[in-house]
Amino acid sequence: MENKDNSGIDRLEKIDMNRIVQPAVKKLLKTHINKGMNVFDEIENTYKDGDDLLKYNVHHGFFNFDKSCDDVWEHYMNSNPSEAWNGKLLSFGVLVSKSSHSVLYPGGKYEGAKAGQVLYINLNLLFGQYQLAVSHEIIKVDHENKYMDLSYVKGAESEGMQHIEFIDNGDGGTTIKHTTYYKSDSKFRDKVIYPIFHTLAINDYHNNMKLTLSK
């Protein structure tokens, strides 16, 4: 995935915290270790393929691109997380791979999105007054039907999954349908707080992807 010295690692405690700049990401990694998810394979998702989605709240986002579906899909699949998750609100912390037992730090070489990759992302909220780290595992990448699924990892407030689908709009462009299934222990958070900040976060992500695609 990256340089040889970052491969052959399968424990969170082996991650070089000095190469991660966000305190909230470091704190979340330590939380996962304290919850017994130290080994990469022990990082536990809140959603398993086939789980009942009716128990979740649902949030939809739509994003339009004037590029072909193939081009947009390839851009999303191959964009380095350091660039993809680098907007006004979002910044990339680190990525660990269950399948290749490796770690990707900011600026490292990326070999494309694959199931088993766990992303640790920092959210810069309330004009920098509040930092929140989240982690998602890519649980499915379907190149034929052009969609990917990501599950929230246990240890944070929210659980559920995100389904990101790439649709040919018939005019040479592409529509991305980003559907999120989520819940937490707080109804107020789920109905009021989460939709606001989640909308800002996914807008930041997809708008950044649109900018980098046009370069």
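What counts as what
Residues numbered from 1 in each chain as written. Predicted model: local features only at pLDDT ≥ 70, side-chain atom pairs only at ≥ 80, totals over all residues. Heavy atoms only, no water. Patch = residues over 30% accessible without salt bridge, like charges linked within 9 Å, V, L, I, M, F, W, Y side chains within 5 Å. Areas by Shrake-Rupley, 256 points an atom, 1.4 Å probe, with all protein chains shown as cover. Salt bridge = Lys/Arg side-chain N within 4 Å of Asp/Glu carboxyl O. Helix = DSSP H or I, 4+ residues; strand = E, 2+ residues; numbered from the N terminus. Buried < 20%, exposed > 50% of the residue type's maximum accessible area, 1.4 Å probe, protein only. Expected span 1.5 Å × (residues − 1). Bend = angle between axes of the 7 residues up to and from the residue. Pairing = 2+ DSSP bridges. Axes fitted to C-alpha atoms, helices over the stretch in contact; angles between N-to-C directions. Parallel < 35°, antiparallel > 145°, perpendicular 65-115°, else oblique. Contact = heavy atoms within 4.5 Å. Nonpolar A, V, L, I, M, F, W, Y, C, P; charged D, E, K, R; others polar.

Participant: Help me out: how do you make sense of a nonpolar patch on the surface in this one?
Facilitator: A surface patch of nonpolar side chains, about 440 Å² in accessible area, is lined by Phe188, Val192, Ile193, Ile196 and Leu200. Here Leu200 shows up in helix α4 (residues 187-213). Note on Leu200: relative accessible area 42%, which makes it partly exposed.

Participant: Explain α4 to me, please; I cannot follow it from the model alone.
Facilitator: Every α-helix carries 3.6 residues per turn, so stepping three or four residues along brings you back to the same face. Taking 1.5 Å of rise per residue, the 27 residues of α4 would be expected to cover 39 Å, and the 37 Å separating its terminal C-alpha atoms lies within 8% of that figure. The sharpest bend along α4 reaches about 45° and sits at Tyr194, with the proline Pro195 one to four residues further on.

Participant: How should the pattern of salt bridges be read in this particular structure?
Facilitator: One side chain can pair with another of opposite charge once the charged atoms of both are near each other. Under the defined criterion, the tally for this structure stands at seven salt bridges. Across the pair Arg11 and Glu13 runs a salt bridge whose closest N-O atoms are separated by 3.1 Å. Owing to a relative accessible area of 29%, Arg11 belongs among the partly exposed residues under this scheme. Among the residues examined, Glu13 registers a relative accessible area of 47% and is labelled partly exposed. As a salt-bridge pair, Lys146 and Asp70 come within 3.0 Å of each other at their nearest N and O atoms. One end of the pair, Lys146, is in the loop between β5 (130-142) and β6 (147-152); the other, Asp70, is in helix α2 (residues 69-78), and 76 residues separate them in sequence. The class for Lys146 is buried, based on a relative accessible area of 16%.

Participant: Even after reading the chapter, I still don't get the pairing of strand β4 (residues 117-125), so can you show me in this structure?
Facilitator: Strand residues, when the strand is regular, have side chains that alternate between the two faces of the sheet. Of all nine residues making up β4, eight are buried, and the element is well covered by its neighbours. In this sheet, β4 lies alongside strand β2 (residues 90-97) in antiparallel orientation, the contact comprising seven bridges. Counterpart to Val94 in the pairing with β4 is Tyr120. With eight bridges connecting them, β4 and β5 associate as antiparallel partners. Of the residues in β5, the one forming a bridge with Val118 is Glu137.

Participant: I would appreciate a short explanation of the packing of α2 against α4 in the present structure.
Facilitator: Describing two packed helices takes the angle between their axes plus the distance from one axis to the other. Two numbers describe how α2 lies on α4: the axes approach to 11 Å, and their chain directions differ by 110°. Put simply, α2 runs roughly perpendicular to α4. Between α2, through Asp71, Val72, His75 and Tyr76, and α4, the contact on the second element is made entirely by Tyr205, His206, Met209, Thr212 and Leu213. A per-class count over the contact of α2 with α4 returns five nonpolar, three polar and one charged.

Participant: Honestly, the pairing of strand β1 (residues 57-65) in this entry has me stumped. Any pointers?
Facilitator: Side chains Asn57, His59, Gly61, Phe63 and Phe65 of β1 all project onto a buried face; the interleaved residues Val58, His60, Phe62 and Asn64 project onto a face where none is buried. When β1 meets strand β8 (residues 174-183), the two strands line up antiparallel, connected through nine bridges. When the sheet's bridge partners are listed, His59 is paired in β8 with Thr180.

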